[in-house]
Amino acid sequence: MNSDYEQPASLSSAPLGWSSREATLERELRITGRGLHTGRKVLVRILPDPEKKAGGGIVFRRMRGADCLSEARTSYSLWRKQPLCSTLQGTNGLLFRTVEHVLAALMMREIDHAVVALDAEEVPILDGGAAEWLRALDAAGRAVLTAPKRFIRVAKPLEYVFGSISRYRADPSAG
């Protein structure tokens, strides 16, 4: 195992305030809005994935009616450089733009498995933050699964630099 990370020895090592079990939504969430960069109206459906049929984790799908045009998992390997937004590139080269607010809200509500289905390229900006996403996720509910949640513990400072514009840093924390 990479010495930069430590896997917790047991479920009891979940950080204070975090669930030790994975979760998904209790029911489907639907929300509409406009993309910040494209201005296009978009319908987002966030679907529960209790049996991890989508493969587990958060999966983005680009839909046209009932047809899936593209799919992307939340993976660094699918991240693509775009101005002023976080973007994932799915199958067929299709993009999922401005995913950062919905991903932040899913993390804050500890939703580990879900399918985020969009009928356009860009996630709607809504209020410009995560507050509307949080309210919608609260209304959809959280269903706890049997699988234990895994955590990454940062053992030493890590830094990643994207050119001259962006810098990300993670430092160890007792919590």
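Refer to the structure above for everything that follows.
All of these numbers come straight from a predicted model, not from anything done at the bench.

Student: Would you mind showing me how to read unusual backbone geometry here?
Tutor: Where the residue is not glycine, phi is negative for most of them; where a peptide bond is considered, it is trans in most cases. Not every positive phi belongs to a glycine, and Leu-84 is a case in point at roughly 60°. Mapped onto the fold, Leu-84 is located in the loop between strand 7 (79-80) and strand 8 (87-89). Relative accessible area serves as the criterion here: at 74%, Leu-84 is assigned to the exposed category. Phi angles above zero are rare outside glycine, and Thr-98 is one such case at about 60°. Within the secondary structure, Thr-98 is located in the loop between strand 9 (95-97) and helix 1 (100-108).

Student: Hey, could you run me through the pairing of strand 6 (residues 67-73) in this one?
Tutor: Within a regular strand, the side chains alternate between the two sheet faces. Across six bridges, strand 5 (residues 58-64) lies against strand 6 in antiparallel orientation. Note that in strand 6 the partner of Arg-64 across the bridge is Asp-67. The antiparallel hairpin formed by strand 5 and strand 6 contains two residues in its connecting segment, where Gly-65 sits at a positive phi of about 65°.

Student: Which parts of the structure should I look at to understand helix 1?
Tutor: Side chains of residues three or four places apart in an α-helix project in the same direction, reflecting 3.6 residues per turn. Within helix 1, burial applies to His-101, Val-102, Ala-105 and Leu-106. For helix 1, the buried positions fall inside an angular range of 135° around the axis, keeping them on one side. Those residues of helix 1 that are buried are in contact with strand 4 (41-48), strand 5, strand 10 (114-118) and helix 2 (131-140).

Student: Looking at this model, I keep getting lost on the packing of helix 1 against helix 2. Mind explaining?
Tutor: The angle between the axes and the distance between the axes are what describe a pair of packed helices. Between helix 1 and helix 2, the least distance of the axes is 9 Å, while the angle of their chain directions is 45°. By the angle between their directions, the pair helix 1 and helix 2 is classed as oblique. By crossing handedness, the relation of helix 1 to helix 2 is classed as right-handed. Contact residues: His-101, Val-102, Ala-105, Leu-106 and Met-108 in helix 1; Trp-133, Leu-134 and Leu-137 in helix 2. Classifying every residue of the contact of helix 1 with helix 2 by side-chain character gives seven nonpolar, one polar and no charged.

Student: Honestly, the packing of aromatic side chains in this entry has me stumped. Any pointers?
Tutor: The way to describe two aromatic rings as a pair is by their centre distance and the angle between their planes. Per the counting criterion, the structure on display carries two aromatic pairs. Arranged with centres 6.3 Å apart and planes meeting at 80°, the rings of Trp-18 and Phe-151 form a pair that is edge-to-face. Taken together, the residues Trp-18 in the loop between strand 1 (5-6) and strand 2 (21-25) and Phe-151 in the loop between strand 11 (142-148) and strand 12 (153-154) connect sequence positions 133 residues apart.

Student: What is the right way to look at the sheet that holds strand 7 in this model?
Tutor: The strands that make up a sheet are held in pairs by hydrogen bonds between backbone atoms, and each pair lies either parallel or antiparallel. Strand order in this open sheet of three strands is 7-8-9, and the pairing throughout is antiparallel. Where the open sheet ends on each side, the last strands, each with one partner, are strand 7 and strand 9.

Student: Honestly, the pattern of salt bridges in this entry has me stumped. Any pointers?
Tutor: Scanning the entire structure with this criterion turns up 13 salt bridges. Across the pair Arg-61 and Glu-71 runs a salt bridge whose closest N-O atoms are separated by 2.7 Å. A residue pair is termed long-range when its members are at least 10 positions apart, and Arg-61 in strand 5 and Glu-71 in strand 6 qualify at 10 residues. A salt bridge links Glu-159 to Arg-167, with the nearest nitrogen and oxygen atoms 3.8 Å apart. By relative accessible area, Glu-159 is classed as partly exposed at 44%. Judged by relative accessible area, which is 58%, Arg-167 ranks as exposed. A network of salt bridges, in which partner residues are shared, links Glu-28, Arg-30 and Arg-45.

Parameters at a glance
- Residues numbered from 1 in each chain as written.
- Predicted model: local features only at pLDDT ≥ 70, side-chain atom pairs only at ≥ 80, totals over all residues.
- Heavy atoms only, no water.
- Helix = DSSP H or I, 4+ residues; strand = E, 2+ residues; numbered from the N terminus.
- Buried < 20%, exposed > 50% of the residue type's maximum accessible area, 1.4 Å probe, protein only.
- Pairing = 2+ DSSP bridges.
- Arc of directions from axis to C-beta.
- Contact = heavy atoms within 4.5 Å.
- Axes fitted to C-alpha atoms, helices over the stretch in contact; angles between N-to-C directions.
- Parallel < 35°, antiparallel > 145°, perpendicular 65-115°, else oblique.
- Left-handed = near helix turned anticlockwise from the far one by under 90°.
- Nonpolar A, V, L, I, M, F, W, Y, C, P; charged D, E, K, R; others polar.
- Phe/Tyr/Trp six-rings, centres within 6.5 Å; stacked < 30°, edge-to-face > 60°.
- Salt bridge = Lys/Arg side-chain N within 4 Å of Asp/Glu carboxyl O.

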